[in-house]
Amino acid sequence: MSGTFNVCPECRSTVALDDGVMVAEIVDCVDCSVALEVVSTDPLIFALAPEIEEDWGE
């Protein structure tokens with residue numbers, strides 16, 4: 001199986017992604033369901049995805 005692996009910064013479980021993953025892509029950890037943002041692909045680095053804030057039309 002080909003792919004890229006790293007650990008979730010929240011729960012430390014292994015997260016596997018396809019080779020075509022791109023920077024700024026949002027993926028979910030299968031163990032803790034936290035949203036992760038890909039901040040680098042070489043090496044693969046995740047960060048917790050920013051919370052979506054409400055847009056009050058401003």
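Everything that follows concerns the structure shown earlier in this document.
What comes next is a walk through the structure. (Residues numbered from 1 in each chain as written. Predicted model: local features only at pLDDT ≥ 70, side-chain atom pairs only at ≥ 80, totals over all residues. Heavy atoms only, no water.)

The sheet contact formed by strand β1 (residues 4–7) and strand β2 (residues 14–17) spans four bridges and is antiparallel. Across the sheet, the residue bridging to asparagine 6 is valine 15, located in β2. (Pairing = 2+ DSSP bridges. Helix = DSSP H or I, 4+ residues; strand = E, 2+ residues; numbered from the N terminus.)

Taken as a whole and judged by the stated rule, the model has zero disulfides. Sulfur of cysteine 11: no disulfide; nearest cysteine sulfur belongs to cysteine 29 and is 3.7 Å away. Between cysteine 32, a free cysteine, and cysteine 29, which holds the nearest cysteine sulfur, the sulfur-to-sulfur gap is 3.7 Å. (Disulfide = S-S within 2.5 Å.)

The strand order across the open sheet formed by three strands is β3-β4-β5, and the pairing between neighbours is antiparallel. Only two strands of the sheet have a single partner each, and these edge strands are β3 (26–28) and β5 (44–48). This sheet shows a mean twist of 45 degrees between the axes of neighbouring strands, independent of strand direction. In terms of strand pairing, strand β4 (residues 35–41) meets β5 through five bridges, oriented antiparallel. (Axes fitted to C-alpha atoms, helices over the stretch in contact; angles between N-to-C directions.)

Before going further, it helps to examine the side chain of serine 40. By secondary structure assignment, the location of serine 40 is in strand β4. A polar side-chain atom of serine 40 sits 2.8 Å from the main-chain carbonyl oxygen of proline 43. (Polar contact = N/O pair within 3.5 Å; in protein donor to acceptor, adjacent residues only side chain to side chain.)

Moving on: unusual backbone geometry. Cis peptide bonds are those with omega within 30 degrees of zero, and the linkage from aspartate 42 to proline 43 qualifies with 5 degrees. Position of proline 43 among the secondary structure elements: in the loop between β4 and β5. We note that arginine 12 has phi near 70 degrees; this positive angle belongs to a residue other than glycine. Structurally, the position occupied by arginine 12 is in the loop between β1 and β2. On the accessibility criterion, arginine 12 (59% relative accessible area) is exposed. For serine 33, which is not glycine, the phi torsion reads 65 degrees and is therefore positive. (Buried < 20%, exposed > 50% of the residue type's maximum accessible area, 1.4 Å probe, protein only.)

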